[in-house]
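Summary of structural features
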Amino acid sequence: MSLFLYREEIVMDKQQIVSFINENMFGIWFLIGAALVFWMQAGFAMVETGFTRAKNAGNIIMKNLMDFCIGTVAFYLLGYNLLCGEGGFVGWGLNPFTGFGETDWSAFVFNLVFCATAATIVSGAMAERTKFSAYCVYSAAISLIVYPIEAGWVWNYGGNGWLQKLHFVDFAGSAVIHSVGGMAALVGAIILGARIGKYTKKADGTIISNAIGGHSITLGALGCFILWFGWYGFNGAAATNTDSLASIFMNTTIAPATATVVCMIFTWIKDGKPDVGMCLNASLAGLVAITAGCASVDTIGALVIGAVAGILVDVVVEVLDKKLHIDDPVGAVGVHWANGVWGTIAVGLFATGKGDTVQAFADGSYYAGLFYGGGAKLLGIQILGIVAIDVYAAIMMTIVFQLIKHTIGLRTTAEEEIIGMDISEHGLASAYADFLPTTPSYMGESVGAVDVANLEPATLSIGEAKPTGKYTKITVICNEDKFGILKDTMAAIGVTGMTVIQAMGCGVEQGKSGVYRGVKMSMNLLPKVKVEIVVSTVDPNLVVAAARKALYTGGVGDGKIFVTDVEDVMRVRTGDTGIAALSNE
């Protein structure tokens, strides 16, 4: 009898040791996972920067830095209390200010990095035309009030959330984080309006969407790989045992990989070539979609969820752009909102359940899904939850954006938008100081032509006409933000062609002085546009007068106009010379 008791004690001791190791190991992994989620901020920064234009790169980096920093302060001041305190609808009762020893700081840090993710999603859809001050305010509002309340419905640490009690499943945040961030992005993009030049209204009333390409697909791809890597922590940090963690990692690999393959095939068939940017978005869409059910579905479920995500992201992005004319520069709504909703609902279809159900997971759903013998109960709960969360987010963010719009203002001026947020908001001439920047104004950004109806031609000293005709070259050097209005004005007076060259330069004033890390820059070469126009039948005096009117502000740096004679001209294709070489075919 004594030997039996001795062996039982040894077995119990071993079980206790294993339990102790597992508990502490996963406690450490919990914080490592939080660090991986924080690293995803770099991924979001790279994706958004790469998918937008170089003139706004510094502004976007600043936003992605500040949404985490501002979010940290806001979450500490109030957000953590609303999320993790007692209460079924709004949490309360925690005091991290005075209760340092009683506060669960692991839970605080973990929820903080997720909160920052919800805030940074919004930035991409509203990029390139939002005031930096407005961004700071709404980013704080998301972390202070909007995210913590709805997240508490699902993730309250006391188990008090009303959706929690219904056994609503959102293991890592398809609904709580991504659909909320995506819904906020959608509301913001609608209220803010499209970027200048994004849409053109034709004479018959139809609206055409103009592509405004990002400046670096390489940065965008780097961001996607960083996000995918961080997503293993995003989805896996809350796993409670090794088997569960392994299955989460597997699903977090299968879904985005499938989504990307399906999107590649889909765009290849639809457009004739596989779309690089859309495939990058598809990888993120697959990650978003599997996030809710990563601990509740098997690999077949992950495969189907990813396949649907790969098509859904492309369809939603194109419908928003081409049909609804909602300008989302990085596809945030299609990636996060549409697939956050899909991933949440998909749990009600593919969840295997746990306990005595088939192929159960330790961290799985309380109920099985429709396709796994659980009936429609979980599906109904999932639909109820996602509708409640997204309606709440839409109402709250509409209030926030409207308050900002009618107080400090939500959108920059047209001039600031065209010249770029880097210089207008931060005094940063270029985020790529040693590289010639791209000239963003070639994308068609313009507020229209100036009135040339009663314009008097300028008086110029130009040579006499030759027997073969008179040809004059007008070279205009101007600021980037004026190119659009110059182009439209030239078209209004009958100029049918021009050559546009990007350039760097400054006059005797040595350029607009910028500041870098608190130090004033001495000679600052500014990005300029050099426009060359050769005319024969259009009066060069009128061209000069119209160009001056289009460019004039009265300030330093309006530009220069040079006029030179051209001896002759030949069209390469036909060999035509003289006026025939410049005429329309």
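Residues numbered from 1 in each chain as written. Predicted model: local features only at pLDDT ≥ 70, side-chain atom pairs only at ≥ 80, totals over all residues. Heavy atoms only, no water.

**Here's the deal with the environment of Ala-503**
As a reminder of what qualifies: Numbering of helices and strands runs from the N terminus, with a helix taken as a DSSP run of H or I at least four residues long and a strand as a DSSP run of E at least two residues long.
By the secondary structure assignment, Ala-503 is in strand S4 (residues 499-505). For the pair formed by Ala-503 and Val-529, sequence separation is 26 residues and the distance between their alpha carbons is 5.8 Å.

**With respect to a nonpolar patch on the surface**
Which entries qualify depends on this criterion: Note on patches: the residues involved have over 30% relative accessible area and no salt bridge, like charges join within 9 Å, and the nonpolar side chains Val, Leu, Ile, Met, Phe, Trp and Tyr join within 5 Å. Working definition of accessibility: Shrake-Rupley area with a 1.4 Å probe, residue cover restricted to the visible protein chains. Definition used for salt bridges: Asp or Glu carboxyl oxygen within 4 Å of a side-chain nitrogen of Lys or Arg.
Side chains of Ile-383, Val-387, Val-391, Ile-395, Ile-399 and Leu-403 sit close together on the surface and give an oily, nonpolar patch of about 520 Å² of accessible area. Within the secondary structure, Ile-399 is located in helix H12 (residues 377-405).

**Section: the nonpolar core**
Test applied: Only buried residues count toward a nonpolar core. Its members are Ala, Val, Leu, Ile, Met, Phe, Trp, Tyr and Cys residues joined through side-chain atoms within 4.5 Å. Exposure classes here rest on a 1.4 Å probe applied to the protein chains alone. A residue is buried below 20% of its type maximum, exposed above 50%, and partly exposed in between.
Counting residues in each nonpolar core, the largest one holds 116 residues, and the members touching the most others are Phe-114, Tyr-138, Tyr-147, Ile-177, Ile-389 and Phe-401. Looking at this core element by element, the count peaks at 13 residues for helix H3 (residues 105-125). Within the second largest apolar cluster, 22 residues are counted, among which are Val-476, Leu-486, Val-535 and Val-544.

**Quick look at helix H7 (residues 217-236)**
Counted only if it meets this: To estimate the expected span of a helix, count its residues, drop one, and scale the result by 1.5 Å. Bend is computed residue by residue as the angle between axes fitted to the seven residues ending at the residue and the seven residues starting at it.
Given a rise of 1.5 Å per residue, 20 residues ought to cover 28 Å, and the 29 Å separating the end C-alpha atoms of H7 matches this to within 8%. Taken as a whole, H7 carries its principal kink of about 30° at Gly-230. Most of H7 is tucked away: 14 of the 20 residues are buried.

**Section: the side chain of Glu-48**
Here is the rule: When charges are counted, Lys and Arg contribute as positive and Asp and Glu as negative, whereas His and the chain ends are disregarded. Whether two residues touch is decided by their heavy atoms; if any such pair falls within 4.5 Å, the residues are in contact.
When you line up the elements, Glu-48 lands in helix H1 (residues 2-50). Of the side chains with opposite charge, Lys-63 comes closest to the buried, unpaired Glu-48, at an N-O distance of 5.5 Å. Look past the residues within four positions of Glu-48 in its chain and what remains in contact with it is Ile-60, Asn-64, Ser-123, Gly-124, Ala-127 and Val-330.

**Points about the sheet that holds S4**
Put simply, the test is: Two strands are said to pair when DSSP picks up at least two bridges between them. The convention used is that axes are lines fitted to C-alpha atoms, helices contributing only their stretch in contact, and that angles between N-to-C directions extend from 0 to 180 degrees.
If you walk across this open sheet you meet the four strands as S4-S7-S3-S8, and the pairing is antiparallel. Each edge of the open sheet carries a strand with a single partner, namely S4 and strand S8 (560-565). The sheet shows a mean angle of 20° between the axes of neighbouring strands, taken without regard to direction. Examined bridge by bridge, strand S3 (residues 472-479) and strand S7 (residues 526-535) share eight bridges and lie antiparallel to one another. Residue Ile-474 lies in a different strand from S7, and its bridge partner there is Ile-533. On top of the sheet, helix H15 (residues 483-492) reaches S3, S4 and S7; it is set at about 10° to S7, its chief contact. Across the face of the sheet, helix H16 (residues 540-551) comes into contact with S3, S7 and S8 while running at roughly 5° to S3.

**Regarding the pattern of salt bridges**
Oppositely charged side chains are able to pair whenever their charged atoms sit close together. Applying the stated rule across the entire model yields 10 salt bridges. For the salt bridge of Glu-318 with Lys-270, the shortest nitrogen-to-oxygen distance reads 2.6 Å. Placement of Glu-318 in helix H10 (residues 299-323) and of Lys-270 in helix H8 (residues 242-271) is noted, with a sequence separation of 48 residues between them. The partner of Lys-322 in a salt bridge is Glu-318, and the shortest N-O contact between them spans 3.6 Å. Taken together, the positions of Lys-322 and Glu-318, both in helix H10 and four residues apart, correspond to about one turn of that helix. Salt bridges linked by common partners bring Lys-270, Asp-271, Asp-314, Glu-318 and Lys-322 together as one network.

**Comments concerning the packing of helix H4 (residues 132-155) against helix H6 (residues 174-192)**
Stated formally: For classification purposes, angles smaller than 35 degrees are called roughly parallel, those larger than 145 roughly antiparallel, those between 65 and 115 roughly perpendicular, and all remaining angles oblique. A crossing counts as left-handed when the near helix is turned anticlockwise from the far one by less than a right angle, and as right-handed when that turn is clockwise. By the convention adopted, Pro, Cys, Tyr, Trp, Phe, Met, Ile, Leu, Val and Ala count as nonpolar, Lys, Arg, Asp and Glu as charged, and the other residues, Gly among them, as polar.
Remark: H4 packs on H6, axes separated minimally by 9 Å, with the N-to-C direction vectors making an angle of 155°. Classified by the angle between their axes, H4 and H6 sit roughly antiparallel to one another. For the crossing formed where H4 meets H6, the hand is right-handed. Residue-level inspection shows Tyr-147, Glu-150, Ala-151, Val-154 and Trp-155 of H4 in contact with H6, the latter providing Val-176, Ile-177 and Val-180. Looking at the contact of H4 with H6 residue by residue, the classes come out as seven nonpolar, no polar and one charged.

**A short note on the packing of helix H11 (residues 332-350) against H12**
As a packed pair, H11 and H12 sit with axes 7 Å apart at the nearest point and diverge in direction by 155°. In this view, H11 runs roughly antiparallel relative to H12, as classed from their interaxial angle. Where H11 crosses over H12, the two elements pack in a sense that is right-handed. Counting all contacts with H11, which are made through Trp-337, Gly-340, Val-341, Thr-344, Ile-345, Val-347, Gly-348 and Leu-349, the residues of H12 involved are Leu-378, Leu-379, Gln-382, Ile-383, Ile-386 and Asp-390. Across the contact of H11 with H12, the residue classes tally to nine nonpolar, four polar and one charged.

**Observations regarding the environment of Thr-120**
The following threshold applies: Two N or O atoms count as a polar contact when they lie within 3.5 Å, although within protein this holds only if one can serve as hydrogen donor and the other as acceptor, and sequence-adjacent residues are included solely when both atoms are side-chain atoms.
Turning to its location among the elements, Thr-120 is positioned in helix H3. Expressed as a C-alpha distance, the spacing of Thr-120 and Ala-185, which sit 65 residues apart in the sequence, is 9.6 Å. Excluding residues that lie within four positions of it along the chain, Thr-120 makes contacts with Gln-41, Phe-44, Asn-64, Asp-67 and Tyr-135. At 2.7 Å, the side chain of Thr-120 forms a polar contact with the side chain of Asn-64.

**Structural notes on the packing of aromatic side chains**
Let me state the cut-off plainly: Within 6.5 Å between ring centres, the rings of Phe, Tyr and Trp (the latter by its six-membered ring) count as paired, and their orientation is classed by plane angle as stacked under 30 degrees, edge-to-face over 60, tilted in between. The rule is short: NZ of Lys or CZ of Arg within 6 Å of the ring centre and within 35 degrees of the ring normal puts a charge over the ring.
Under the counting rule described, the total for this entry stands at 20 aromatic pairs. Of the aromatic side chains, those joined through ring pairs into one cluster are Phe-30, Phe-110, Phe-114, Trp-155, Trp-231 and Phe-234. Directly above the aromatic system of Tyr-199 lies the positively charged group of Lys-198, at a separation of 5.7 Å from the ring centroid.

**Concerning unusual backbone geometry**
We note that Glu-128 has phi near 75°; this positive angle belongs to a residue other than glycine. Tracing the backbone shows Glu-128 in the loop between H3 and H4. We note that His-325 has phi near 55°; this positive angle belongs to a residue other than glycine. Positionally, His-325 belongs in the loop between H10 and H11.

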